[in-house]
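# Close look at the chain arrangement
Below, each chain spelled out in residue letters.
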Amino acid sequence: MKKDILTLAELEKADFERLFQRAAELKARHKQGIRDRSLLDKSVGLIFEKPSTRTRLSFEAATIQLGGTPIFISAADTQMARNEPVEDTARVLSRYLDAVAIRTFSQTLVEDFAAAADIPVINALTDDHHPCQVLSDLMTVLEFKGRLEDVKIAWIGDGNNMANSWIDAATVLGFELVLACPDEYAPHEELLARARDKNQRIRLVSDPAEAAAGADVINTDVWASMGQEHEADSRKNVFASYCVDSKLLEVAADDVIVMHCLPAHRGEEITAEVLEGERSVVWDQAENKLHMHKAILDVLISGHRAATK
Ligand code: CP
Ligand code: NVA
């Protein structure tokens, strides 16, 4: 049966482990100059309804490096923009392609697409989730910390799509996740309640210093996500005390790493000093999107089972 990645809640621990293992293996092989070709003669569609630098380019490069062909499709140029039912598009594209990654607003659209498609469907960001980003971020945490079980991960700022995917990951993998968000910008209440039923070490607080205290990883993201640009000014006031700066780092573990999925707004959610500082791992984090996206395509399309190697 085909497998999709629409949220991280639907993955099992073994799925995460297989992806971490395969991504690390593909990264090491790439650095050694070994070329894997598991997507030879395969085509991957990338349907994007929002802008992207990293996700689009890393999925394109990942597909090419594995011997396949990426086909970028701006949603605005398709009949989807003229209200062709998403299920019809999914059924047609299933006859042409071997997988589709979609970046759009509505999580429901991605789920409806996946339900009608015969090929793997990958969520490349919706208003509610950004699962592939958090998979590559977890890969980065593993590289720097060597483990996930007893790390404390802090999320500072908006309870947005990234926060939701971090909550999903913590629910399945069991690590400590403390989110500091303004009351009116907390993550989905229901999602958080379901997560806390399974992992009491997922907590929501309002004070950034409480989340950052002793943290091994500090994570942040923009205050106004794509589609919320009109709220940017009002959000700046509410989020003013949620900036990841050097003072916040003082309460974290000495070897804390600072992560940001990018694009970053220096002087808003993170200072330039911290983003460019020695605790920042954001460029490695961005690189790992390439390796993790290769692993995702490899596992979903060619069914590679690294765990059995
Ligand atoms: N982090 C991330 O998803 O970046 P892009 O919006 O550039 O794809
Ligand atoms: N929360 C951000 C992430 C960008 C990669 C957004 O949705 O715009």
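The text that follows walks through the structure, step by step, so that each part is easy to find. Computed from a predicted model, the values in this text were never measured in an experiment.

### A short note on the overall build of the protein
When helices and strands are tallied, the protein shows 12 helices and nine strands. Taking 2.2 N^0.38 as the reference for a compact globule, 309 residues should give roughly 19 Å; the C-alpha atoms of the protein span a radius of gyration of 19 Å, in line with that estimate. For the protein, the C-alpha atoms occupy an extent of roughly 55 × 45 × 35 Å along the three principal directions. Taking all contacts inside the protein whose residues are at least 6 apart in sequence as the whole, residues at least 24 apart take part in 75%. Carbon and sulfur atoms provide 48% of the accessible area of the protein, an area that totals close to 13300 Å². Within the protein, the 51 negative side-chain charges are centred at a point lying 6 Å from the centre of the 35 positive side-chain charges.

### Looking at the nonpolar core
Judged by nonpolar contacts, the single largest core of 57 residues is most densely connected at Leu135, Leu138 and Trp166. The biggest single contributor to this core is helix 12 (residues 282-302), with eight residues. Contact partners of Leu138, with chain neighbours within four places excluded, come to Phe16, Phe20, Leu148, Trp166, Ala169, Leu173 and Phe175. Within the second largest apolar cluster, 25 residues are counted, among which are Ala180, Val256, Val258 and Val274.

### Description of the sheet that holds strand 3 (residues 99-103)
The strand order across the open sheet formed by four strands is 2-1-3-4, and the pairing between neighbours is parallel. Pairing within the sheet leaves two strands with one partner each, and these edge strands are strand 2 (69-74) and strand 4 (121-123). Going across the sheet, the axis of each strand differs from the next one's by a mean of 20°, ignoring polarity. Pairing geometry for strand 3 and strand 4, over three bridges, is parallel. Across the sheet, the residue bridging to Val100 is Val121, located in strand 4. Seen against the sheet, helix 4 (residues 107-116) touches strand 1 (43-48), strand 3 and strand 4 and runs at an angle of roughly 165° to strand 4.

### Concerning the site of ligand 2
Near ligand 2 the following residues occur: Leu125, Asn160, Asn161, Asp221, Val222, Ser225, Met226, Cys261 and Leu262. Between ligand 2 and Ser225, the relevant distance is 2.7 Å, taken from a nitrogen atom to a side-chain nitrogen or oxygen of the residue. Notes on ligand 2: free accessible area 270 Å², of which the protein chains cover 94%. For the shell around ligand 2, a count of residues per class yields five nonpolar, three polar and one charged.

### Comments concerning the pattern of salt bridges
Counted by the stated rule, this structure contains 18 salt bridges. As a salt-bridge pair, Arg147 and Asp150 come within 2.4 Å of each other at their nearest N and O atoms. A relative accessible area of 28% places Arg147 in the partly exposed class. Glu231 is the salt-bridge partner of Arg235, the closest N and O atoms lying 2.8 Å from each other. Residue Glu231 is classed as partly exposed on the basis of its relative accessible area of 24%.

### Remarks on helix 12
In this model helix 12 runs 30 Å from its N-terminal to its C-terminal C-alpha over 21 residues, within 8% of the 30 Å that 1.5 Å per residue would give. In helix 12, a bend of some 25° at Asn288 exceeds every other bend along the element. Within helix 12, 16 of the 21 residues are buried, which leaves it mostly tucked inside the rest of the structure.

### Thoughts on the environment of Ala170
Within the element layout of this structure, Ala170 appears in helix 6 (residues 161-173). Expressed as a C-alpha distance, the spacing of Ala170 and Cys261, which sit 91 residues apart in the sequence, is 17 Å.

About the criteria used
Residues numbered from 1 in each chain as written. Chains lettered and ligands numbered in written order. Predicted model: local features only at pLDDT ≥ 70, side-chain atom pairs only at ≥ 80, totals over all residues. Heavy atoms only, no water. Helix = DSSP H or I, 4+ residues; strand = E, 2+ residues; numbered from the N terminus. Rg over C-alpha atoms; globule rule 2.2 N^0.38 Å. Contact = heavy atoms within 4.5 Å. Areas by Shrake-Rupley, 256 points an atom, 1.4 Å probe, with all protein chains shown as cover. Lys, Arg positive; Asp, Glu negative; His and termini not counted. Charge placed at Lys NZ, Arg CZ, Asp CG, Glu CD. Core = buried A, V, L, I, M, F, W, Y, C linked by side-chain atoms within 4.5 Å. Buried < 20%, exposed > 50% of the residue type's maximum accessible area, 1.4 Å probe, protein only. Pairing = 2+ DSSP bridges. Axes fitted to C-alpha atoms, helices over the stretch in contact; angles between N-to-C directions. Near = heavy atom within 4 Å. Polar contact = N/O pair within 3.5 Å; in protein donor to acceptor, adjacent residues only side chain to side chain. Nonpolar A, V, L, I, M, F, W, Y, C, P; charged D, E, K, R; others polar. Salt bridge = Lys/Arg side-chain N within 4 Å of Asp/Glu carboxyl O. Expected span 1.5 Å × (residues − 1). Bend = angle between axes of the 7 residues up to and from the residue.

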